[in-house]
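Okay, here's what each chain looks like letter by letter:
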Amino acid sequence: MNQAGKQHCVVCAWREHCSKKFCVADGGARCPDFTRDVTIKPVPDAEKDKEREEKI
């Protein structure tokens, strides 16, 4: 997985004015218009691991 994580409509900078919102065939994972919203901070790996452990 890359630093930015997976592409999803909820983390796209264009989500407010997007006409494709949530309707891309693969769930938005490869939307050609995707641009990560830089105001949304990435979750550090340590926190991700902790969340996974809590779910188990």
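Fair warning: this is a prediction, and the values are worked out from it, not measured in the lab.

Observations regarding the overall build of the protein
Here is step 1 of the chain: Each helix and strand in the protein was counted, giving one helix and zero strands.
Here is step 2 of the chain: Burial analysis of the protein (56 residues in total) assigns 14% to the buried set.

Re the pattern of salt bridges
Here is step 1 of the chain: Scanning the model with the defined rule gives two salt bridges in all.
Here is step 2 of the chain: Where aspartate 37 meets arginine 15, a salt bridge forms, and the shortest distance between an N and an O atom there is 3.0 Å. Of this pair, aspartate 37 sits in the segment before helix H1 (45-55) while arginine 15 is found in the segment before H1, placing the two residues 22 residues apart along the sequence.
Here is step 3 of the chain: In this structure arginine 15 comes out as partly exposed when scored by relative accessible area, which is 28%.

Side note on empty space enclosed by the protein
Here is step 1 of the chain: Inspection of every chain in the model, using the stated rule, returns one cavity of 30 Å³ or more.
Here is step 2 of the chain: Counted as a void, the largest cavity has a volume near 100 Å³.
Here is step 3 of the chain: A per-class count over the lining of the largest cavity returns eight nonpolar, two polar and four charged.

The rules behind the values
- Residues numbered from 1 in each chain as written.
- Predicted model: local features only at pLDDT ≥ 70, side-chain atom pairs only at ≥ 80, totals over all residues.
- Heavy atoms only, no water.
- Helix = DSSP H or I, 4+ residues; strand = E, 2+ residues; numbered from the N terminus.
- Buried < 20%, exposed > 50% of the residue type's maximum accessible area, 1.4 Å probe, protein only.
- Salt bridge = Lys/Arg side-chain N within 4 Å of Asp/Glu carboxyl O.
- 1 Å grid on protein atoms, 1.4 Å probe; cavity = no way out; pocket = protein on both sides within 12 Å on 5 of 7 lines; lining within 4 Å.
- Points joined across faces, edges and corners; volume = space filled by probe spheres on them.
- Nonpolar A, V, L, I, M, F, W, Y, C, P; charged D, E, K, R; others polar.

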